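# Notes for the structure review
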Amino acid sequence: QVQLGESGGGLVQAGGSLRLSCAASGSSFSLCSMAWFRQAAGKEREFVAAITWSVGRTDYRDSVKGRFTISRDNAKNTVYLQMNSLKPDDTAVYYCAADVLYYNCDLYREAYEYESWGQGTQVTVSS
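Numbers given to residues run from 1 along each chain, matching the order in which its sequence is written. With pLDDT at 70 or above as the cut-off, local features in this predicted model cover only qualifying residues; side-chain atom pairs require 80 or more to be listed or tallied, and sums for whole chains, interfaces and linings still use all residues. Side-chain measures were taken over the full set of non-hydrogen atoms in the model, leaving aside hydrogen atoms and water.

## A word on the side chain of threonine 52
Elements are defined by DSSP. Helices are runs of H or I of four residues or more, strands are runs of E of two residues or more, and each kind is numbered from the N terminus. Note on placement: threonine 52 falls in strand β5 (residues 46–52). Pairs of N or O atoms are called polar contacts if they sit within 3.5 Å, as long as, within protein, a hydrogen donor faces a hydrogen acceptor (for residues adjacent in sequence, only side-chain-to-side-chain pairs). At a separation of 3.2 Å, a polar atom in the side chain of threonine 52 contacts the main-chain amide nitrogen of glycine 56. We call two residues in contact when some of their heavy atoms are within 4.5 Å. Setting aside chain neighbours within four positions, we find threonine 52 in contact with Cys32, Ser33, Arg57, Arg72 and Leu107.

## What to know about the environment of glycine 118
By secondary structure assignment, the location of glycine 118 is in the loop between β10 (116–117) and β11 (121–126). A C-alpha to C-alpha distance of 4.8 Å links glycine 118 and leucine 4, two positions 114 residues apart in sequence. If sequence neighbours within four positions are ignored, glycine 118 has contacts with Leu4, Glu6, Tyr95 and Cys96.

## Notes on the pattern of salt bridges
Put simply, a salt bridge is a Lys or Arg side-chain nitrogen that is within 4 Å of an Asp or Glu carboxyl oxygen. Tallied over the full model, the rule gives seven salt bridges. Between aspartate 106 and arginine 57 there is a salt bridge whose closest N-O contact spans 3.2 Å. Of the two residues, aspartate 106 is situated in the loop between β9 (92–100) and β10 and arginine 57 in the loop between β5 and β6 (58–60); the sequence distance between them amounts to 49 residues. What makes aspartate 106 partly exposed here is its relative accessible area of 31%. We note a salt bridge from aspartate 90 to arginine 67, for which the minimum N-O separation is 2.8 Å. Highlighted residues: aspartate 90 in the loop between β8 (78–83) and β9 and arginine 67 in the loop between β6 and β7 (68–73), separated in sequence by 23 residues. Only protein chains enter the area calculation, which uses a 1.4 Å probe; residues under 20% of their type maximum are buried, those over 50% are exposed, and those in between are partly exposed.

Okay, here's the thing in structure tokens:
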């Protein structure tokens, strides 16, 4: 059982930066990985980035490589998404997600692989 709390969204001009945070809490849980997804108005939710909780292995969708950085603070059970050089196409509600460790642990890009989700935070990038 994992609860996720997000923060850091807002309005920014194209080329600007934002840093999203998501803290995980609960009892008797272990994390395989945490990830960020986003959903623009009228569109399907899509994968953004993921990171394993053990060694910090990362994965990014192509459109954010070189601009976004995912990281984690194991002691605080918190994942971050540093977003630089933001574009209007990045405008969306951003969600963090947690994959609870069972038997296997790997990085996934499919939303159904994650058991817990945050409430979402709006990121708006103006031209």
